[in-house]
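The residues making up each chain are set out below.
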Amino acid sequence: MEIINRKQRIASLTRKLRRENKTIGFVPTMGALHEGHLSLVKEARQMCDVVIVSIFVNPTQFNDKTDLDKYPRDLAGDAALLAEFQVDYVFAPDEREIYGENFSTFVYVENLTETLEGASRPGHFRGVATVVTILFNTIRPDFAFFGQKDAQQVAVIKRLTKDLGFDTEIVVHPIVREESGLAMSSRNARLSEEERAKASIIYKALRETKIAFRNGERNASKLAEIVRQMVESEPLAMLDYVAVVDNETLENVEKIDDTEVLVAVAVNFGKIRLIDNIILNKKQ
Ligand code: AMP
């Protein structure tokens, strides 16, 4: 496994791989890797000849400087893990390598980015879309792997890939959870032991909506209310939002019909913001 810091080096390397007809799988991350990330890496390893993982804590997607400063960083530990998972290249550029002098071009995906996470984190998806565009242009992967954990990010990346004509297939991997049901996240390490245990209420609440849906409930407000009530029953949890939206357009849904619906939730435990979601569709 080789660690690469330069854009030019990874670009020339992937150019060579394409000439050799090797399929390139790309997993973008911000490091502090856990089993959620590693499940994407495993899938990439199974599907592609060459696996590239990027580790870049992208400053433009943080609207809170403290959050950016506190974001856990452990390149050596991450690299050791990735070597175990037979990754071929780790792309770990520094900030100047991605955002050079006088950088002024941003990618803004309309309609999908102002609600849900976008409402609480202004500019977040502009940062995500911009860095993913730069990474896709540099690496030009055949497949790029993203986690369902960040459902809105998936919708934004799929839109951007179509709209800008990237020749990259987006592969979405299901949410990996702790034994308690809590969705894995690098933020979980910042919860107290008690908060971490209590945070399992989020997935319990989402599962209740699935049960209600299976039992025939199609009214989105009623499904949202189930989540609200369960989360609010936990004194340490502060619900930011629960939304029932179309999984592709992220538009609010009132009555669920045949299309896939996303139940997305954000909950604060102290200063830590956790997100989770579940997809409801007719086949369930
Ligand atoms: P991040 O490092 O937080 O930007 O995450 C990198 C990728 O890992 C994103 O596509 C995330 O959606 C994905 N990811 C993070 N946590 C999980 C999880 N618990 N299950 C599945 N994918 C995840």
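Here the structure is a predicted model, which means the values were calculated and not measured.

## As for the overall build of the protein
Stage number 1. Looking only at helices and strands, one finds 11 helices and 9 strands in the protein.
Stage number 2. Scaling as 2.2 N^0.38, a compact globule of 284 residues should have a C-alpha radius of gyration of about 19 Å, and the protein matches this with 19 Å.
Stage number 3. Its C-alpha atoms give the protein principal-axis dimensions of about 55 × 40 × 40 Å.
Stage number 4. Within the protein, buried positions represent 55% of all 284 residues.
Stage number 5. In the form shown here, the protein has an accessible surface area of approximately 14,200 Å², with 46% of it arising from carbon and sulfur atoms.

## Some thoughts on the packing of aromatic side chains
Stage number 1. Tallying each qualifying case throughout the model produces 7 aromatic pairs.
Stage number 2. Seen from their ring centres, tyrosine 99 and phenylalanine 103 are 4.8 Å apart, and the 85 degrees between their planes marks the pair as edge-to-face.
Stage number 3. Under the relative-accessibility criterion, tyrosine 99 is labelled buried at 10%.
Stage number 4. Taking relative accessible area as the criterion, phenylalanine 103 reaches 29% and is therefore assigned partly exposed.
Stage number 5. Each ring, one from phenylalanine 136 and one from phenylalanine 166, has its centre 5.4 Å from the other, and the planes form 85 degrees; the classification is edge-to-face. Pair noted here: phenylalanine 136 is in helix α7 (residues 124-139) and phenylalanine 166 is in the loop between α8 (151-163) and β6 (169-173), with a separation of 30 residues, a long-range link.
Stage number 6. Look at phenylalanine 136 and you get buried, because its relative accessible area is 1%.

## Let's talk about the site of the ligand
Stage number 1. The immediate surroundings of the ligand are formed by 17 residues, with Met30, Gly147, Asp150, Val176 and Met184 found nearest.
Stage number 2. In this structure, an oxygen atom belonging to the ligand sits 2.9 Å away from a main-chain N or O atom of methionine 30.
Stage number 3. The separation between an oxygen atom of the ligand and a polar main-chain atom of glycine 147 is 2.9 Å.
Stage number 4. Surface burial for the ligand is 92%, taken as the share of its 490 Å² of free accessible area covered by protein chains.
Stage number 5. Among the elements that make up the shell around the ligand, the one with the highest residue count is helix α2 (residues 35-47) (3 residues).

## Quick word on the domain arrangement of the protein
Stage number 1. What the domain assignment reports for the protein is domain 1 (2-173) and domain 2 (191-279).
Stage number 2. Just the C-alpha atoms count here: the centres of domain 1 and domain 2 sit 27 Å apart.
Stage number 3. The interface is formed by 12 residues belonging to domain 1 together with 14 residues belonging to domain 2.
Stage number 4. Looking at the side of domain 1 facing domain 2, the largest losses of area belong to Leu116, Glu117 and Lys149, adding up to 44% of the total buried there.
Stage number 5. Viewed at the interface, domain 2 and domain 1 are joined by 1 salt bridge.
Stage number 6. A salt bridge links glutamate 117 to arginine 273; the nearest nitrogen and oxygen atoms lie 2.6 Å apart.

## Description of a nonpolar patch on the surface
Stage number 1. The grouping of Met1, Ile3 and Leu75 at the surface amounts to a nonpolar patch, some 250 Å² of accessible area in total.
Stage number 2. Within the secondary structure, leucine 75 sits in helix α4 (residues 75-84).

## Here we look at unusual backbone geometry
Stage number 1. Positive phi values are uncommon outside glycine, yet asparagine 111 reaches one of about 70 degrees.
Stage number 2. You can see asparagine 111 is positioned in the loop between α5 (95-98) and α6 (117-120).
Stage number 3. In this structure asparagine 111 comes out as exposed when scored by relative accessible area, which is 67%.
Stage number 4. Residue leucine 250 is not a glycine yet carries a positive backbone phi of 60 degrees.
Stage number 5. Within the secondary structure, leucine 250 is located in the loop between β7 (237-246) and β8 (261-269).
Stage number 6. The buried category is assigned to leucine 250, whose relative accessible area is 6%.

The rules we used
Residues numbered from 1 in each chain as written. Predicted model: local features only at pLDDT ≥ 70, side-chain atom pairs only at ≥ 80, totals over all residues. Heavy atoms only, no water. Helix = DSSP H or I, 4+ residues; strand = E, 2+ residues; numbered from the N terminus. Rg over C-alpha atoms; globule rule 2.2 N^0.38 Å. Buried < 20%, exposed > 50% of the residue type's maximum accessible area, 1.4 Å probe, protein only. Areas by Shrake-Rupley, 256 points an atom, 1.4 Å probe, with all protein chains shown as cover. Phe/Tyr/Trp six-rings, centres within 6.5 Å; stacked < 30°, edge-to-face > 60°. Near = heavy atom within 4 Å. Polar contact = N/O pair within 3.5 Å; in protein donor to acceptor, adjacent residues only side chain to side chain. Domains from an automatic or database assignment. Contact = heavy atoms within 4.5 Å. Buried area = accessible area lost by both parts, 1.4 Å probe. Salt bridge = Lys/Arg side-chain N within 4 Å of Asp/Glu carboxyl O. Patch = residues over 30% accessible without salt bridge, like charges linked within 9 Å, V, L, I, M, F, W, Y side chains within 5 Å.

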